[in-house]
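Chain by chain, the residues:
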Amino acid sequence: MKESMLKSQTIFRGGNCPKKAELLGGKGFGLERLTRAGLPVPRWICLTPAFFQDLPREFTESLAGLTPPDGSSNSRYLQEMSIRVGSLIREQGVGACQWEMLRDAVSEHLRGKSFAVRSSALGEDGARASFAGLMDSFLCVPLQDLPERILRCYASAWSARAMAYRLRRGFGITSIESGVVIQEMVDARASGVMFTADPRSGGEDRFVIAAALGLGEGVVADRAQADEYVLQRLDGKVLEMSIAKKKQRISPTDGGTQIEEVPMAVADVPSLGDEELRQLHGLALQVEAALGTGQDIEWSMDHRGELHLLQARPITFLPPGHVRVFDNTNIIESYPGVTTPLTFSFVRGAYEIIFRQSARAFGVPEPVIAREQALFANMVGFLNGRIYYNILNWYRLYGLIPGFEGRLEAWEKSLGLSGRSLKGQARETVTFSWFSQRLAQVRVVIRIIRNFFRLESEIRAFDGRFRQVQEDFQKLDLESCSADDLADLHDSLVQRLLWKWEVTTLNDFYAFNFYDLAERLLQKWGLEGKGVRINDLVGGETGMQSLEPLQSALDLAKSIRASSSLRATLTSDAKPDAIWRDLMSGISPAAFRHALSEHVQRFGDRTLHELKLETPALEDDPSFFIQTLRRYVESPPDLVETLAGERAQRARAEKALRDSLRGHPLRLRILKFALGQARIGLKNRENLRLARSRAFGIVKRIFGAMGAKLARAQALDSPRDIFFLGADEILGFLRGSSMTLDLRALVKIRRAQHTAWKLSDSADRIRTRGIVYGNLLRSRATAESAKPTETAGHDLQGIGASSGRVTAPAAVVIDPESAEPESGAILVAPMTDPGWVFLMVSAAGLVVERGNLLSHTAIIGRELGIPVVIGLSEATKTIRTGQKIEIDGASGTVRILAEPNETSEPKKSTEPG
């Protein structure tokens, strides 16, 4: 553009404009931000308000005294003013010099034979007011008609409807300034509008699209029949689709647009295909990244299938307040499905303590920790009866630690957020000056080095403290303790364990980062294509305590198999409680009773859903363990052989690594160090998780005893009612700080709510703005269930987590407590928790909808030597029990081979996949 134009600040080319709304107007400013973000905006130029500075000022002076007689936007009065202003503008126009500059700018920077002319008033397309449809736009304007349409567009800033809108919104009408945007026209096959929030409820978990054939005027002006699509924000899945019978569309004509009939052949065909919907979903996320959440987007799809972004503006109907994102990634493994208020309240308090201590361990200053109290207190949320990460607070926590922004990608990957990143969406926590930033980074680096060298000793110290807590607890008779004794015991447990639990997050930090380093080096040095896989290299580690409960159960099954009386007891038709009593009684051999008692004492807390406080311990509900023993007696898995195979797999991978790096000793040494630290970290992670299970076992027994006390005191109807109260409510009732005396009434409300939640689904990710539960009341934020459409021979793609290939019948398991899958089947599940190891050991392979490469599912799968595919969305709906499927744990592919009546014996590859 000519230098004179830039200096006069009257015409700017898109992508080369000053980032000042007062110079460009609202629409021009928004387009500039989108263009600079690299989004597919058609070429455009902006005539700034200064372009029209030669217009007479009589009309603005005449507006100075405008006050509608009735104090409101009197329509007749405004209409008269609008006509007068429009006449003045059209009569006077702008100077010849301005039109010459315009012609030069159009010829130099725009292509095509026709253009769109749109208003760009100050305040337009803003967060407070959109001005949508209140000023005139003109499409398909030929070059020779630009001057006349530009003046009409400019004059529309003083239209009666625009001035009435301004008065109602409190903007006033005496100082209106407007520019005009000229944009290349798109040869549109389909066009429309997309909201990144549901206009019906304000819920931000959905994108809503209206799409019509032809130009977008058909949608925005309601002049053409539009299809409607509702996409899930998280992954773009189509939740709702309504296809209109299309009778007409808006198409270009000489000097403007026209309505034309739609050919019958395409009248009932969706205006958008799957790939185009995916493009729109991706565009919506990019626009939000550039402009912020909650956008009203206008778009066009040309005949070549290319997507064009015409404009975007903030949605104005969204409630005020902070955006929060609740995500169940990773945490669903520990707390699947609906849980109780007691579990959530304890978990919330534990996360608050642990991550405050972790921040201290990484060198976050005390004043910052004190200021961010609300962040630590809200690391998790409780929505629709489920526990979620309040995930933006996790990003904000990372923002507290200078230098950690570079490790976000590794953290996201470890948490299973790859492809679903929210980087840049969290509010800033700390703003550092350059010097304080460098100083803080040095402090953090020192802490990281110090913590690394002290980690193993800290873990040993934690293990010693934990064993002491266990020993002290086992000496207690909870039945003889008073309610105050139990409350004090709870406080002591929190003080002795939770305030030292940051060692687990420190270990995870090093485990994830060394794993990520090793994986990146394998990729960088081109080793992954030479039979060297990260999952094979980190497997086969000895000393994994999480396998000890499994080995103990296998030993018990072996004893039962060798005793006809024990076998008869186990396989009788009696109820599980009766079988359990017989196994524990004097009719069983003394050696077996001792082994079973020792298993209960050491591993009684390793159950399904073990971190939910409402889940009974093994001795209180042995039904699942009885089923497990029966399965192992009938089809005993060979754990020794399995582990030996996993170690052999690792040995082959290590040999391939050495062979590939022959001649590069330094690279080999670096990789060995990273892999060694990753293995140690992953082993520690699993061992510490077993300690966590045992700690939760102690907590659930303490609260269980409190429930019995409160029931005897007639404060509750049943001891198990205590799980429908929060920990603070329970302790407050015991100690005199409760604000509710009628606990029974509170429990009744909570039980009804709990039942309703169990009958409903809940989305994997829920986005709210402002009052969180106000959002849920409006939208209910429930996930739609998709019907499976895949057929035999169809490949599904997940993430490979444990190498190997196997073909076997599928066993879809939703409720592991009632499931009895055939030995050698491939388990297909929504998610797993540590208690699933009893099912996994008899399985030929595992497919789960959730999980990540460092989740319990992946780690134990590698240790058991079975192929594992994680992150396969809708797997339990797509795959049916009995279907023969083939899974590849290296590539992450799952193939449906046959229907249930065509299954055959499993075939397991002898190669690593």
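Just above sits the structure.
Keep in mind that what you see is a predicted model, and the values were worked out from it rather than measured.

**Things to note about the packing of helix α15 (residues 434-474) against helix α25 (residues 665-712)**
- Contact geometry of α15 with α25 gives a least axis separation of 11 Å together with a crossing angle of 20°. Judged by the angle between their axes, α15 and α25 are roughly parallel. Relative to α25, the crossing made by α15 is left-handed. Together, Phe-452, Glu-456, Ile-459, Phe-462, Phe-466, Val-469, Gln-470 and Phe-473 of α15 and Phe-673, Gln-677, Ile-680, Asn-684, Leu-688, Ala-691, Arg-694, Ala-695, Ile-698, Arg-701 and Ile-702 of α25 make up the contact between the two elements.
- Partitioned by chemical class, the residues of the contact of α15 with α25 number 13 nonpolar, three polar and three charged.

**Overview of the side chain of Thr-615**
- Relative to the helices and strands, Thr-615 resides in the loop between α22 (590-603) and α23 (623-634).
- A polar contact is formed between the side chain of Thr-615 and the backbone oxygen of His-609, at a distance of 2.9 Å.
- Thr-615 has contacts with Thr-607, Leu-608, His-609 and Lys-700, leaving out every residue within four places of it along the chain.

**A look at the packing of helix α24 (residues 639-660) against α25**
- Following both chains from N to C, one finds α24 and α25 inclined at 155°, their axes separated by 11 Å at the closest point. Regarding the angle of α24 to α25, the classification is roughly antiparallel. Crossing angle aside, the handedness with which α24 passes α25 is right-handed. In this structure, α24 contributes Arg-650, Glu-654, Leu-657 and Arg-658 to the contact, and α25 contributes Leu-668, Leu-671, Leu-675 and Arg-679.
- Broken down by class, the residue content of the contact of α24 with α25 amounts to four nonpolar, no polar and four charged.

**Topic: a negative patch on the surface**
- Taken together, the side chains of Asp-577, Asp-620, Asp-621, Asp-815 and Glu-817 make up a negatively charged region of the molecular surface.
- As for its placement among the helices and strands, Asp-621 is situated in the loop between α22 and α23.
- We classify Asp-621 as partly exposed; its relative accessible area is 31%.

**What to know about the environment of Leu-478**
- Here Leu-478 is to be found in the loop between α15 and α16 (483-496).
- By relative accessible area, which is 15% here, Leu-478 ends up buried.
- Considered as a pair, Leu-478 and Ile-702 are 224 residues apart in the sequence and their alpha carbons are 7.4 Å apart.
- Leave out the neighbours within four places in its chain, and Leu-478 touches Phe-473, Leu-486, Leu-489, Arg-701, Ile-702, Ala-705 and Lys-709.

**Comments concerning the pattern of salt bridges**
- For the structure on display, the rule yields 52 salt bridges.
- The residue Asp-472 makes a salt bridge to Arg-496 at a minimum N-O spacing of 3.1 Å. Residue Asp-472 is located in helix α15, and its partner Arg-496 is located in helix α16; the two are separated by 24 residues in the primary sequence.
- The shortest N-O distance in the salt bridge between Glu-654 and Arg-650 comes to 3.2 Å. Residue Glu-654 and its partner Arg-650 are both found in helix α24; the two are separated by four residues, about one turn of the helix.
- Residue Glu-654 is classed as partly exposed on the basis of its relative accessible area of 22%.
- Several salt bridges share partner residues, and in doing so they unite Glu-541, Arg-650, Glu-654 and Arg-679 into one network.

**Quick look at the packing of aromatic side chains**
- All told, the structure shown has 27 aromatic pairs when counted by the stated rule.
- Between Phe-509 and Tyr-510, the ring centres sit 5.1 Å apart and the planes meet at 80°, which makes this aromatic pair edge-to-face.
- Overall, the relative accessible area of 6% leaves Tyr-510 in the buried class.

**Considerations on the sheet that holds strand β14 (residues 323-327)**
- Ordered in space as β15-β16-β14-β17, the four strands form an open sheet in which the pairing is antiparallel. Both outer strands of the open sheet, β15 (380-383) and β17 (765-769), are each paired with one neighbouring strand and no more. Strand-to-strand, the axes of this sheet are offset by a mean angle of 35°, without reference to chain direction.
- Two elements, β15 and strand β16 (residues 386-390), share four bridges in a ladder whose sense is antiparallel.

**As for the sheet that holds strand β2 (residues 44-47)**
- Spatial ordering of the open sheet is given by β1-β2-β5-β3-β4, a layout of five strands whose pairing is antiparallel. Edge positions in the sheet fall to β1 (11-13) and β4 (138-142), since each has one partner strand and no second. Across this sheet, the average inter-strand angle for adjacent strands is 30°, counted without regard to direction.
- Here strand β3 (residues 114-121) runs beside β4; their pairing, made up of three bridges, is antiparallel. By the bridge assignment, Ser-114 is partnered in β4 with Pro-142.
- Docked against the sheet, helix α6 (residues 146-155) engages β2, β3, β4 and β5 (178-184), running at close to 25° with respect to β3.

**Observations regarding the nonpolar core**
- Grouped together as the largest cluster of nonpolar side chains are 109 residues, with contacts concentrated most on Tyr-351, Ile-391, Trp-411, Leu-657, Leu-671, Phe-703 and Met-706.
- It is α25 that provides the largest number of residues to this core, a total of 17 residues.
- When sequence neighbours within four positions are dropped, the list of residues in contact with Leu-657 reads Leu-522, Leu-527, Val-532, Leu-537, Leu-668, Leu-671 and Leu-675.
- Counting residues in each nonpolar core, the second largest holds 47 residues, with Ala-557, Trp-580, Tyr-632 and Val-813 among its members.

Rules behind the numbers
The residue numbers shown here count from 1 along each chain, following its written sequence. It should be noted that, the model being predicted, local features are given only for residues of pLDDT at least 70 and side-chain atom pairs only at 80 or more, the latter also being counted only at that level, while totals for whole chains, interfaces and linings use all residues. Processing note: side-chain calculations cover all non-hydrogen atoms of the structure and skip hydrogens and water entirely. The axes used here are C-alpha line fits, helices contributing only the stretch in contact, and every angle between their N-to-C directions lies in the interval 0 to 180 degrees. The secondary structure listing takes helices from DSSP runs of H or I that are at least 4 residues long and strands from runs of E that are at least 2 residues long, numbered from the N terminus. Relative orientations are named as follows: roughly parallel for angles under 35 degrees, roughly antiparallel for angles over 145 degrees, roughly perpendicular for angles from 65 to 115 degrees, and oblique for any other angle. Left-handed describes a crossing whose near helix is turned anticlockwise from the far helix by less than a right angle; the clockwise case is right-handed. When checking whether two residues touch, look at their non-hydrogen atoms; a contact exists if any pair is within 4.5 Å. Lys, Arg, Asp and Glu make up the charged group, whereas Ala, Val, Leu, Ile, Met, Phe, Trp, Tyr, Cys and Pro make up the nonpolar group; the residues left over, Gly among them, are polar. N or O atoms closer than or at 3.5 Å make up a polar contact, with two conditions inside protein: a donor-capable atom paired with an acceptor-capable one, and, for residues adjacent in sequence, both atoms drawn from side chains. Two joining distances apply to patches: 9 Å for like charges and 5 Å for nonpolar side chains (Val, Leu, Ile, Met, Phe, Trp, Tyr), and every residue must have over 30% relative accessible area and no salt bridge. Computed by Shrake-Rupley with a 1.4 Å probe, the accessible areas treat only the displayed protein chains as cover when residues are assessed. We define a salt bridge as a side-chain nitrogen of Lys or Arg found within 4 Å of a carboxyl oxygen belonging to Asp or Glu. Only four residue types enter the tally: Lys and Arg on the positive side, Asp and Glu on the negative side, with His and both chain ends excluded. A single reference atom marks each charge: NZ on Lys, CZ on Arg, CG on Asp, CD on Glu. For every residue, the accessible area obtained with a 1.4 Å probe (protein chains only) is divided by the maximum for its type, and the residue is called buried under 20%, exposed over 50%, and partly exposed between those limits. Only Phe, Tyr and Trp rings are paired, with Trp represented by its six-membered ring, and only when their centres lie within 6.5 Å; those with planes under 30 degrees apart are stacked, over 60 edge-to-face, the remainder tilted. The pairing criterion for strands is at least two bridges between them, as found by DSSP. Put simply, a nonpolar core is a bunch of buried Ala, Val, Leu, Ile, Met, Phe, Trp, Tyr and Cys residues held in one set by side-chain atoms that sit within 4.5 Å of each other.

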